[in-house]
Amino acid sequence: MKYAVITGTSRGLGEAVAEKFMKQGVHVLGISRSGNAKLDALNEEKAGSFEHIEADLNDPADLKNVAAVVKEKVFHKQSEYVYVVNNAGVVEPIETAGNLDAEAVQKHMQINVTAPILLINELLPAASEASVKLGIVMVTSGAAEKSIHGWSVYSSSKAALNRFTETLALEQEGSGHTILAFSPGVMDTDMQQEIRSSSESAFADVDKFKKMKEENVLRSPEEVAEVLMNLLGQEITNGQVYRLYDLVN
């Protein structure tokens with residue numbers, strides 16, 4: 001039996017990836033603060049299933065509980081393969097250094113960096129004990145590789161995730177686990193709405209993002225999820241960042 005543990009399944013890319021896995025007969029555990037009625041309804045239609053685990057990844061106690069629940073439900077003798085997709089993330093605070101809110105920065109780093117690292121840290125020993133191979137996906141961003149006005153926190157958190165992915169692959173060499181980072185490009189999601197609502201003083205390129213929406217050049221989460229699923233069916237170079245723009249025509 002194959003499982004997928006996906007964070008951030010309440011909407012956007014997490015929801016789309018969960019649905020794609022279900023169509024392939026994979027049993028999905030979705031981790032988010034709120035459930036997903038669409039995925040619940042698909043339980044009776046798809047070969048796979050969906051189960052929601054309520055958690056706030058900004059809460060260390062919730063994160064620890066999530067890991068315990070996942071280990072109990074997933075790592076047993078019937079487990080064949082387990083995907084772990086660290087998709088949950090936030091873009092706020094979008095602001096220049098000197099004007100950042102300390103609490104917002106701490107929350108950002110907890111969700112974007114600490115939570116995925118600690119979740120993998122908890123699941124690796126369980127996978128080893130159960131002799132289960134993992135397919136680990138870290139959802140990153142092109143912002144990890146360039147400096148963007150107002151995005152110092154977001155760019156830093158995604159850069160950290162990329163380096164963690166690379167280091168994890170180095171440490172797990174020969175383990176049989178598949179480890180990669182996936183950069184999905186610019187999608188038409190709620191996060192994009194947050195970006196477009198920024199002031200120009202906080203984010204100098206805000207008009208560029210507004211124009212992309214107006215010109216309808218944003219990819220849907222479903223399109224991006226399909227690219228990721230196709231990627232997972234190919235031979236992977238562990239530790240590599242795979243960029244959507246390199247995978248599509």
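Now for a look at the structure at hand. (Residues numbered from 1 in each chain as written. Predicted model: local features only at pLDDT ≥ 70, side-chain atom pairs only at ≥ 80, totals over all residues. Heavy atoms only, no water.)

### Some words on the sheet that holds strand β5 (residues 133–139)
Phase 1: In spatial order, the strands read β3-β2-β1-β4-β5-β6-β7; together these seven strands make up an open sheet with parallel pairing. With partners counted over all chains shown, the strands left at the sheet margins are β3 (50–54) and β7 (241–243), one partner each. For this sheet, the mean inter-axis angle between neighbouring strands, taken without regard to orientation, is 20 degrees.
Phase 2: In the sheet, strand β2 (residues 27–32) pairs with β3 via five bridges, with the strands oriented parallel. (Pairing = 2+ DSSP bridges. Helix = DSSP H or I, 4+ residues; strand = E, 2+ residues; numbered from the N terminus. Axes fitted to C-alpha atoms, helices over the stretch in contact; angles between N-to-C directions.)

### Observations concerning the side chain of threonine 9
Phase 1: Mapping threonine 9 onto the fold places it in the loop between β1 (2–7) and α1 (12–23).
Phase 2: Judged by its relative accessible area of 0%, threonine 9 falls in the buried class.
Phase 3: Dropping the residues within four chain positions of it, threonine 9 is found in contact with Gly14, Glu15, Ala18, Gly30, Ile31, Ser32, Asn36, Leu39 and Phe50. (Buried < 20%, exposed > 50% of the residue type's maximum accessible area, 1.4 Å probe, protein only. Contact = heavy atoms within 4.5 Å.)

### A word on the pattern of salt bridges
Phase 1: Taken as a whole and judged by the stated rule, the model has seven salt bridges.
Phase 2: We note a salt bridge from lysine 71 to glutamate 122, for which the minimum N-O separation is 2.9 Å. With lysine 71 in helix α3 (residues 60–74) and glutamate 122 in helix α4 (residues 102–130), this residue pair connects regions lying 51 residues apart in the sequence.
Phase 3: For arginine 163, the salt bridge goes to glutamate 166, with nearest N and O atoms at 3.5 Å. Highlighted residues: arginine 163 and glutamate 166, both in helix α5 (residues 152–171), separated by three residues, approximately one helical turn.
Phase 4: Residues joined in a network through salt bridges with shared partners are Glu19, Lys23 and Lys38. (Salt bridge = Lys/Arg side-chain N within 4 Å of Asp/Glu carboxyl O.)

### A look at the packing of α3 against α4
Phase 1: Closest axis-to-axis distance for the α3/α4 pair is 10 Å, and the angle between their directions is 30 degrees. As judged from the angle between their axes, α3 and α4 are roughly parallel. Relative to α4, α3 is oriented so that their crossing is right-handed. Of the residues in α4, those touching α3 at Pro60, Leu63, Lys64, Val66, Ala67, Val70 and Lys71 are Gln110, Ala115, Leu118, Leu119, Glu122, Leu123 and Ala126.
Phase 2: Looking at the contact of α3 with α4, its residues break down into 10 nonpolar, one polar and three charged. (Parallel < 35°, antiparallel > 145°, perpendicular 65-115°, else oblique. Left-handed = near helix turned anticlockwise from the far one by under 90°. Nonpolar A, V, L, I, M, F, W, Y, C, P; charged D, E, K, R; others polar.)

### So, the environment of glycine 48
Phase 1: Structurally, glycine 48 can be placed in the loop between α2 (37–42) and β3.
Phase 2: Glycine 48 sits in the buried class, given a relative accessible area of 3%.
Phase 3: Residue contacts for glycine 48: discarding those within four places in its chain leaves Met22, Gly25, Val26, His27 and Asn43.

### Thoughts on unusual backbone geometry
Note on backbone geometry: most residues besides glycine have negative phi, and most peptide bonds are trans.
Phase 1: Each neighbour pair has its own omega, and for glutamate 92 with proline 93 the value is 10 degrees, a cis peptide bond.
Phase 2: The topology assignment puts proline 93 in the loop between β4 (81–86) and α4.
Phase 3: Phi at serine 131 takes a positive value of approximately 55 degrees, unusual for a residue other than glycine.
Phase 4: Relative to the helices and strands, serine 131 is located in the loop between α4 and β5.

### Some words on the pairing of strand β6 (residues 178–183)
Phase 1: Counting buried positions along β6 gives five out of six residues, so the element sits mostly inside the fold.
Phase 2: Pairing geometry for β5 and β6, over five bridges, is parallel. Among the inter-strand pairings, glycine 135 is bridged to a residue of β6, identified as threonine 178.
Phase 3: In this view, the connection linking β5 to its parallel neighbour β6 by way of α5 has right-handed handedness.
Phase 4: As judged from the three bridges shared by β6 and β7, these two strands associate in the parallel manner. Each residue of the ladder has a partner; that of serine 183, found in β7, is arginine 243. (Right-handed = clockwise from strand over helix to strand, strands pointing away.)

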